[in-house]
Amino acid sequence: MQTDKDLFEVIKESFPVHPRPEFVSSTELKLRQSAKKLGRKRIYKRYSLAASGVLAITLAASWLFFFNGKDAVKHTLTSKFESAKEGGQIKQQGQSAEEFTYSPPRQEENFSDMTKEQILTKMINSVDYFQTAKGEFKIPGGNTSGYAVVDYEISLRNLKGGFSKVINEKGKSENEQYYKDGTIWMIFKNQGSYREDKYQEAPRRGTLTIKDAFTTDKNGDSVTDYRERPPIGAPMSSLFHYEIVSSLMRDLNKWEIEKQNVMLLGHNTMVIKGKSNRRDAHSFRFWVDKDTGILLKYETYSPTGQVVDYLYPTKLEINVPINSKDFVPNLEGLKKEDPSAMEKGPYIVTGNIDSEIPGELKQTWEQAKKDPNHTSFFHWKDDWYFFLQKGYLLDNIEVKDQEGVILLAKTSPQKSQHNFTALAKGYKLSSIKIVYENN
Amino acid sequence: MIEAEDLEDRISVIYREHYLQVYRFLGCFTGNQSDAEDLTQEVFIRVLSHLSELDRVHHLKTWILTVAKHVAIDHYRKKRFTSIFSEGFFKQMASSNKEPNEWLEQNELKRSVHDAISKLKPNYRAVVILRGINELSIKETSEILQCSESKVKVDYHRALTSLKKKLKLEPMEVMGNAN
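Residues numbered from 1 in each chain as written. Chains lettered and ligands numbered in written order. Predicted model: local features only at pLDDT ≥ 70, side-chain atom pairs only at ≥ 80, totals over all residues. Heavy atoms only, no water.

**Comments concerning the overall build of chain A**
Next, step 1: Broken down by element type, chain A carries 8 helices and 24 strands.
Next, step 2: By residue count, 45% of the 439 residues in chain A fall in the buried class.
Next, step 3: Sequence separation of 24 or more characterises 53% of the internal contacts of chain A that already satisfy a separation of 6 or more.
Next, step 4: Summed over its atoms, the accessible surface of chain A is roughly 23900 Å², and 51% of this surface lies on carbon and sulfur atoms. (Helix = DSSP H or I, 4+ residues; strand = E, 2+ residues; numbered from the N terminus. Buried < 20%, exposed > 50% of the residue type's maximum accessible area, 1.4 Å probe, protein only. Contact = heavy atoms within 4.5 Å. Areas by Shrake-Rupley, 256 points an atom, 1.4 Å probe, with all protein chains shown as cover.)

**Considering the sheet that holds strand β1 (residues 89-92) of chain A**
All names here are of chain A.
Next, step 1: The sheet built from 3 strands is open, its strands ordered β1-β2-β16 with antiparallel pairing. Taken across any chain shown, the strands that pair with only one partner, and hence form the sheet edges, are β1 and β16 (322-323).
Next, step 2: As paired strands, β1 and strand β2 (residues 100-103) are joined by 4 bridges and run antiparallel to one another. Within β2, the residue paired with Gln-92 across the bridge is Phe-100. (Pairing = 2+ DSSP bridges.)

**Side note on the packing of aromatic side chains**
How two aromatic rings sit relative to each other is set out by the distance from centre to centre and by the angle between their planes.
Next, step 1: For the coordinates displayed, the defined rule picks out 19 aromatic pairs over all chains.
Next, step 2: Relative to Tyr-23 of chain B, the ring of Phe-23 of chain A has its centre 5.9 Å away and its plane inclined at 45 degrees; by these criteria the two rings are tilted. Of this pair, Phe-23 of chain A sits in helix α2 (residues 21-66) while Tyr-23 of chain B sits in helix α1 (residues 4-30), on two different chains.
Next, step 3: On the accessibility criterion, Tyr-23 of chain B (0% relative accessible area) is buried.
Next, step 4: When the ring of Phe-377 of chain A is compared with that of Trp-384 of chain A, the centres are 6.3 Å apart and the planes differ by 45 degrees; the resulting orientation is tilted. (Phe/Tyr/Trp six-rings, centres within 6.5 Å; stacked < 30°, edge-to-face > 60°.)

**Topic: helix α7 (residues 242-249) of chain A**
Next, step 1: Taken across its 8 residues, α7 of chain A has 6 buried, putting it largely inside the fold.
Next, step 2: Within α7 of chain A, burial applies to Tyr-242, Ile-244, Val-245, Ser-246, Leu-248 and Met-249 of chain A.

**Some remarks on the sheet that holds strand β22 (residues 403-410) of chain A**
Residues and elements named next belong to chain A.
Next, step 1: A sheet is described by the order of its strands in space; here 3 strands give the open sequence β21-β22-β24, paired in mixed fashion. Edge positions in the open sheet fall to β21 (392-400) and β24 (431-436), since each of these has one partner strand only. For this sheet, the mean inter-axis angle between neighbouring strands, taken without regard to orientation, is 25 degrees. (Axes fitted to C-alpha atoms, helices over the stretch in contact; angles between N-to-C directions.)

**Thoughts on the environment of Thr-62 of chain B**
Residue and element names in this part refer to chain B.
Next, step 1: When you line up the elements, Thr-62 lands in helix α3 (residues 60-80).
Next, step 2: Judged by its relative accessible area of 7%, Thr-62 falls in the buried class.
Next, step 3: As a C-alpha pair, Thr-62 and Ile-144 span 82 residues in sequence and 5.4 Å in three-dimensional space.
Next, step 4: If we ignore the near neighbours within four places in the chain, the residues touching Thr-62 are Glu-140, Glu-143 and Ile-144.

**Overview of a nonpolar patch on the surface**
All names here are of chain A.
Next, step 1: Together, Trp-63, Leu-64 and Phe-65 make up a nonpolar patch on the protein surface, roughly 310 Å² of accessible area in all.
Next, step 2: Secondary-structure assignment places Leu-64 in helix α2.
Next, step 3: Taking the relative accessible area as the measure of exposure, Leu-64 reaches 30% and is therefore partly exposed. (Patch = residues over 30% accessible without salt bridge, like charges linked within 9 Å, V, L, I, M, F, W, Y side chains within 5 Å. Salt bridge = Lys/Arg side-chain N within 4 Å of Asp/Glu carboxyl O.)

**Brief notes about the pattern of salt bridges**
Next, step 1: Applying the stated criterion across every chain, the model contains 24 salt bridges over all chains.
Next, step 2: With its nearest N and O atoms 2.6 Å apart, the salt bridge here joins Glu-37 of chain B to Arg-20 of chain A. A residue pair is termed interchain when its members come from two chains, as with Glu-37 of chain B in helix α2 (residues 33-49) and Arg-20 of chain A in the loop between α1 (4-14) and α2.
Next, step 3: Here Lys-151 of chain B ties to Asp-155 of chain B by a salt bridge, and the two come within 3.1 Å at their closest N and O atoms. In this pair, Lys-151 of chain B and Asp-155 of chain B both sit in helix α9 (residues 149-166), 4 residues apart, roughly one turn of the helix.
Next, step 4: The exposure class of Lys-151 of chain B is buried, given its relative accessible area of 10%.
Next, step 5: You can call Asp-155 of chain B buried: its relative accessible area is 5%.

**A closer look at the pairing of strand β13 (residues 281-289) of chain A**
Next, step 1: Where burial is concerned, most of β13 of chain A is hidden: 7 out of the 9 residues are buried.
Next, step 2: Between the antiparallel neighbours β13 of chain A and strand β14 (residues 295-301) of chain A lie 5 residues, among them Gly-293 of chain A with a positive phi of about 80 degrees.

**Considering the confidence of the model for chain A**
Residues and elements named next belong to chain A.
Next, step 1: Averaged over all residues, the pLDDT of chain A is 84; the fraction at 70 or higher stands at 89%.
Next, step 2: Across residues 78-85, where pLDDT falls below 50, the model places 8 contacts with residues more than four positions away in sequence or in other chains.
Next, step 3: Every residue in residues 339-344 is under pLDDT 50, and counting partners more than four places away or in other chains gives 18 contacts. (pLDDT = per-residue confidence, 0-100.)

**A look at a positive patch on the surface**
Residues and elements named next belong to chain B.
Next, step 1: Taken together, the side chains of Lys-119, Lys-165, Lys-166 and Lys-168 present a region of like positive charge at the surface.
Next, step 2: Secondary-structure assignment places Lys-166 in helix α9.
Next, step 3: Its relative accessible area of 36% is what places Lys-166 among the partly exposed residues. (Lys, Arg positive; Asp, Glu negative; His and termini not counted. Charge placed at Lys NZ, Arg CZ, Asp CG, Glu CD.)

**Quick look at the side chain of Ser-142 of chain B**
Next, step 1: When you line up the elements, Ser-142 of chain B lands in helix α8 (residues 138-145).
Next, step 2: Apart from the residues within four sequence positions on either side, Ser-142 of chain B is in contact with Cys-147, Ser-148, Glu-149 and Val-152 of chain B.

**Structural notes on the nonpolar core**
Next, step 1: Within the largest apolar cluster, 57 residues are counted, with the highest numbers of intra-cluster contacts made by Ile-11 of chain A together with Phe-25, Val-43, Phe-44, Val-128 and Leu-163 of chain B.
Next, step 2: In terms of residues, this core owes the most to one element, α1 of chain B, which gives 11 residues.
Next, step 3: Those residues in contact with Phe-25 of chain B that sit more than four places away from it in its chain are Leu-65, Ala-68, Lys-69, Ala-72, Ala-126, Ile-129, Leu-130 and Asn-134 of chain B.
Next, step 4: By size, the runner-up hydrophobic cluster in this structure holds 53 residues, among which are Ile-139, Leu-156, Ile-184 and Ile-210 of chain A. (Core = buried A, V, L, I, M, F, W, Y, C linked by side-chain atoms within 4.5 Å.)

**Overview of the confidence of the model for chain B**
Residue and element names in this part refer to chain B.
Next, step 1: The predicted model of chain B has a mean per-residue pLDDT of 75, with 72% of residues at 70 or higher.
Next, step 2: Within the model, the stretch residues 82-100 combines pLDDT values under 50 with 46 contacts to residues more than four positions away or in other chains.
Next, step 3: Note on residues 170-179: pLDDT is under 50 here. Beyond four places in sequence and across chains, it has 28 contacts.
Next, step 4: Reported confidence for the predicted complex is 0.74 by ipTM and 0.46 by pTM.

Structure follows, in structure tokens:
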């Protein structure tokens with residue numbers, strides 16, 4: 001591979017850069033259908049809003065003037081704040097105007113027998129079957145051989161919001177995600193920074209049937225529709241894992257109900273097992289909470305039956321009281337990620353660096369340029385300035401302790417008569433060694 | 001307000017004009033055809049939901065690729081903690097006619113390149129793909145990544161250096177030096 005261009009040619013050959021024609025056309029069709037629905041919804045909304053507005057004004061006026069409405073409004077404004085929605089209770093905590101607790105109604109376990117269709121429908125609509133949740137589970141830890149623990153809380157209906165924390169096996173929180181009132185915070189503990197984004201809550205849809213969720217387009221390709229879900233992060237793989245469900249369970253003939261009722265962490269679950277033709281999930285087993293559709297536990301297996309992936313819960317509490325203050329992170333001591341800011345730390349600048357040469361080095365630099373067959377370098381504060389002999393360019397700098405190894409690569413034949421320069425900024429080195437690519 | 005038919009036609013035109021760039025970016029970012037397809041769809045669904053605001057967008061191409069970048073990075077972060085569908089070039093790319101060993105034996109370089117790209121940090125991956133595969137300018141890349149042009153240059157250089165190192169393209173030591 002002589003040049004960067006060659007490298008990118010290989011990359012283009014290695015990656016899927018040419019989409020399938022059937023995918024292109026099915027996606028366009030899907031977009032047009034979505035656009036049609038969206039257009040109709042907007043027109044309907046426009047007329048509904050107008051009609052509702054007129055009706056509301058008429059009713060409010062009647063109530064105020066004919067049914068003692070004025071007295072009722074006055075009483076409400078002067079009484080203490082308390083609200084009961086969907087059977088639960090919201091209370092203000094302490095003196096803080098920001099802190100409220102919400103206690104949803106208790107959720108009962110489901111012990112009745114369920115069919116395949118019933119459990120699958122519940123799994124793809126799990127967002128409808130609980131109001132709050134607090135949980136913790138263990139999953140494989142990314143590229144390492146260890147594991148990670150995910151700890152979370154979420155509220156879907158009242159005082160909406162949530163957080164999740166990913167904790168490594170040493171017990172240290174690595175990443176955290178919070179969301180509340182249209183803001184998401186992502187906290188990168190290892191870097192001591194966070195990112196803040198806005199989000200728009202998706203409108204709540206009605207129950208998605210299996211028939212509507214799993215369809216095929218005219219070319220026979222699978223098309224999947226998903227319900228809405230909040231930006232909770234890692235816990236999606238348990239609470240709203242629509243992808244795994246749609247991938248492994250859309251064909252009802254490829255899985256079976258192994259056990260109707262198995263208690264797990266105080267929840268009555270159904271155990272499902274099935275096979276797949278995926279190389280990394282030859283077969284699987286799911287433990288599904290029967291009253292919520294939450295994927296409480298799962299394992300996938302290799303062809304020899306070894307567990308290759310898992311989610312093991314250590315806690316799941318449904319419809320327990322939550323405190324809204326927990327959904328806002330403590331950002332003290334964390335740096336807000338500013339994409340426009342330059343990264344601190346050493347870096348290399350190539351190209352013509354003449355304008356970067358400090359005044360104190362200019363004369364020496366000009367002298368060095370007169371000898372094209374010799375590599376020269378100069379040190380000023382934490383910066384190193386390189387004039388490279390003909391036919392070489394600076395490829396990389398490896399640093400060990402405070403010694404820098406400057407790796408020079410040969411140029412392409414077309415540029416072998418050129419001299420290149422480089423500036424290594426911010427490298428705090430006490431000595432350097434120049435190493436040339438093999439002839 | 002855009003009427004229903006206008007919406008359909010507009011999204012069709014926008015999709016046809018930009019799907020290839022978006023797919024290429026997501027294909028190289030995820031290394032996975034199935035993910036690239038799902039995410040491409042998601043990008044344009046998001047574009048559709050913001051269609052009414054597009055009159056205020058000066059550069060549609062960079063805006064759409066910005067959405068693609070966000071979708072890719074969200075997907076990357078989700079996948080780090082949802083390892084059931086681990087990234088695997090041959091898992092998705094293999095046709096049903098070939099056995100895994102045939103793919104593994106074929107073209108070791110492509111596999112190395114794929115591994116090297118997938119190990120790059122998401123920001124580096126994005127800049128390498130936008131500059132090298134999508135062949136966007138520094139200015140366009142900086143708009144998409146919402147950073148300065150200098151940062152794009154620096155990140156691009158570092159990303160390429162890291163890639164070459166992973167692909168063992170660094171120079172070998174020889175006797176003596178220029179000094």
